[in-house]
Amino acid sequence: GDSVTQMEGPVTLSEEAFLTINCTYTATGYPSLFWYVQYPGEGLQLLLKATKADDKGSNKGFEATYRKETTSFHLEKGSVQVSDSAVYFCALRIGRDDKIIFGKGTRLHILP
Amino acid sequence: KAGVTQTPRYLIKTRGQQVTLSCSPISGHRSVSWYQQTPGQGLQFLFEYFSETQRNKGNFPGRFSGRQFSNSRSEMNVSTLELGDSALYLCASSSGGGGGDTQYFGPGTRLTVL
């Protein structure tokens, strides 16, 4: 079935370090891909999305490119801040289906 | 524009009881989806309602049910609560177009079953 696999956490980095969180997917159709972020005590917020192959989603310095050939959607940021500490979820949706399939989440700690 | 609201934010119940959670979507949104979040299982899809009809359903037992009203507000009910139902329940709303259509999440209701 459709699924999302993302790297296990926690990931601990120093401020201004480069961030990569890996995400790969398995899908029977042509999914839209998403990264959501969850700050402590809050719900999910959409961080960025891409709806077709080679699309690049970007927001708040974060980027991810939809790679159909490697079925990947890795999240990157060039210089992380303490305020980026949160849990990040990679996710997909197929077609008109509103059901989102989430990865397990990656907890990110940024040290000052 | 007001975001997705969920009430109550926190609930404590005992085993065997039932509970009803409420979700008010963003104005104009017709689709409401519900998710269960637990440390062990992560985020799991419960069901989706669109224009008062259940359009999609996850793999949860029949104790979990929901409905949607004509104003798009949705309720989720869990009967005969079990300890394992302790979780953060999130709802999300969208226009219902699917695909790349953005879903907006509420802050969640944290349910604790004792």
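Relevant structure appears above.
Let me begin by describing the structure that accompanies this report.

Thresholds applied
- Residues numbered from 1 in each chain as written.
- Chains lettered and ligands numbered in written order.
- Predicted model: local features only at pLDDT ≥ 70, side-chain atom pairs only at ≥ 80, totals over all residues.
- Heavy atoms only, no water.
- Salt bridge = Lys/Arg side-chain N within 4 Å of Asp/Glu carboxyl O.
- Helix = DSSP H or I, 4+ residues; strand = E, 2+ residues; numbered from the N terminus.
- Buried < 20%, exposed > 50% of the residue type's maximum accessible area, 1.4 Å probe, protein only.
- Contact = heavy atoms within 4.5 Å.
- Buried area = accessible area lost by both parts, 1.4 Å probe.
- Polar contact = N/O pair within 3.5 Å; in protein donor to acceptor, adjacent residues only side chain to side chain.

Residue and element names in this part refer to chain B. Overall, the coordinates contain 8 salt bridges over all chains when judged by the stated rule. Here glutamate 48 ties to arginine 55 by a salt bridge, and the two come within 2.8 Å at their closest N and O atoms. Put simply, aspartate 85 and arginine 63 hold a salt bridge, and the shortest N to O gap is 2.8 Å. With aspartate 85 in the loop between strand 8 (74-78) and strand 9 (87-94) and arginine 63 in the loop between strand 6 (53-57) and strand 7 (64-68), this residue pair connects regions lying 22 residues apart in the sequence. Take aspartate 85 and arginine 63: they sit in the same class, and that class is buried.

If you look at the interface, chain A gives 21 residues, while chain B gives 26 residues. Between chain A and chain B, a total of about 1800 Å² is buried, with carbon and sulfur atoms accounting for 46% of that surface. Counting every contact that joins chain A to chain B gives 0 salt bridges. In this assembly, chain A and chain B are joined by 4 residue pairs in polar contact (both at pLDDT 80 or more). Secondary-structure elements contributing two or more residues to the side of chain A that touches chain B are strand 5 (31-38), strand 6 (44-50) and strand 10 (86-94) of chain A. Here the side of chain A that touches chain B gets 4 residues from one element, more than from any other, and that element is strand 5 of chain A.

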